Amino acid sequence: MERWKNSCAVVTGASSGIGAAIVKSLLKADLQVVGLARRIDRMEQLRSSLANSLQSRLHIIKCDVSDMISVHEAFDWIEEHLDGVDILINNAGVHIKGQLLTMNINDVEKTLQTNVMGMVYCARRAFNSMKKRNVNGHLVLINSILGHNIPNLGPSVMPIINIYLMCKHATVAMTEVLRQEFRENQTKIKITSISPGLVNTEMTTEVYKTMSALEPEDVSMAVLYCLSTPHHVQVHELTIKPVGEMF
């Protein structure tokens, strides 16, 4: 991680769970970290929990990644004040329980807009920042094992994951699409999809609380591993499961 010292890392969905854990790990690795989140109060709580030596390197921006204008405003600030983006951790996501056939269509659209288009908006701005500064940066997409397999919970168990599953499958495809586009744009920018199994976060519903689960810090350690690989090594897909997971 030494080569990333004082570089600028942007983390979306930074206010809790996996995003907050990644923010802490990157700060401890001596990076400048920009946390994008809708809940500024939670970000301020996160900053106050940090050691004094880390607090000044955390930059907080209110941003809704589903809103392209909000994303542009955030990245404009980053380019003006921090020169640009070297690392992007695309982590922001939402999951609203329900069935695709019957749930509120606005919730379906919100999930798709946040989980897919939000990644696209941020990836485009990060790429442009890296390209114009000739930086061999790194994009990390926080995915899920649900992007690789759709669990069938059996008869009489109503599915509740709906379009969230499709968004995660889209993330798998996006990883390869971006890898090819980075190559054809004559860059050495890396792209990584990290697909954890069940993670103990605020998004975890009660029905899964008794199951084997990862902690957010397990995912943040995986992010650091992918970022620390040599220049010629790209971890394209990393799957992490808790021991004993049933899926």
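For the structure itself, consult the block above.
For clarity, every value in this text was computed on a predicted model and none was experimentally measured.

1. As for the sheet that holds strand β6 (residues 190–196)
Okay, so step 1: Pairing within the open sheet is parallel, and its seven strands lie in the order β3-β2-β1-β4-β5-β6-β7. The open sheet has two free edges, formed respectively by β3 (58–62) and β7 (237–240), since each of these has just one partner strand. Strand-to-strand twist in this sheet, taken as the mean axis angle between neighbours without regard to direction, amounts to 15 degrees.

2. Some points on the state of the cysteines
Okay, so step 1: By the definition in use, this model includes zero disulfides.
Okay, so step 2: With no disulfide partner, Cys-122 has as its closest neighbouring cysteine sulfur the one in Cys-63, 5.9 Å distant.
Okay, so step 3: Residue class for Cys-122 comes out buried when judged on its relative accessible area of 0%.
Okay, so step 4: Residue Cys-167 stays outside any disulfide, its sulfur separated by 15 Å from that of Cys-122, the closest cysteine.

3. Examining helix α6 (residues 163–184)
Okay, so step 1: Between the first and last C-alpha of α6 there are 31 Å, a value that for 22 residues agrees with the 32 Å anticipated at 1.5 Å per step.
Okay, so step 2: All of the buried residues in α6 are Ile-163, Tyr-164, Leu-165, Cys-167, Lys-168, Thr-171, Met-174, Thr-175, Leu-178 and Phe-182.
Okay, so step 3: Elements in contact with the buried residues of α6: α5 (105–133), β5 (138–142) and β6.
Okay, so step 4: Just past α6, the residue Gln-186 takes up positive phi, approximately 55 degrees.

4. Let's talk about the packing of α5 against α6
Packed helices, taken two at a time, are described by their axes: the angle between them and the distance between them.
Okay, so step 1: Across the interface, α5 lies against α6 with an axial gap of 10 Å and an inter-helix angle of 15 degrees. Compared by their axis directions, α5 and α6 come out roughly parallel. Considering how the two elements wind past one another, α5 and α6 form a crossing that is right-handed. Together, Val-108, Thr-111, Leu-112, Asn-115, Val-116, Met-119, Val-120, Ala-123 and Phe-127 of α5 and Ile-163, Tyr-164, Cys-167, Ala-170, Thr-171, Met-174, Leu-178 and Phe-182 of α6 make up the contact between the two elements.
Okay, so step 2: Partitioning the contact of α5 with α6 into residue classes produces 14 nonpolar, three polar and no charged.

5. Some words on the pairing of strand β4 (residues 87–90)
Okay, so step 1: In β4, alternate side chains face the same way, and those of Ile-87 and Ile-89 on one face and Leu-88 and Asn-90 on the other are all buried.
Okay, so step 2: One ladder, built from three bridges, connects strand β1 (residues 8–12) with β4; its direction is parallel. Across the sheet, Ala-9 pairs through a bridge with Ile-87, a residue of β4.
Okay, so step 3: With four bridges joining them, β4 and β5 adopt parallel strand pairing. From the neighbouring strand, Ile-87 faces β5, where its bridge partner is His-138.

Cut-offs used in this document
Residues numbered from 1 in each chain as written. Predicted model: local features only at pLDDT ≥ 70, side-chain atom pairs only at ≥ 80, totals over all residues. Heavy atoms only, no water. Pairing = 2+ DSSP bridges. Helix = DSSP H or I, 4+ residues; strand = E, 2+ residues; numbered from the N terminus. Axes fitted to C-alpha atoms, helices over the stretch in contact; angles between N-to-C directions. Disulfide = S-S within 2.5 Å. Buried < 20%, exposed > 50% of the residue type's maximum accessible area, 1.4 Å probe, protein only. Expected span 1.5 Å × (residues − 1). Contact = heavy atoms within 4.5 Å. Parallel < 35°, antiparallel > 145°, perpendicular 65-115°, else oblique. Left-handed = near helix turned anticlockwise from the far one by under 90°. Nonpolar A, V, L, I, M, F, W, Y, C, P; charged D, E, K, R; others polar.

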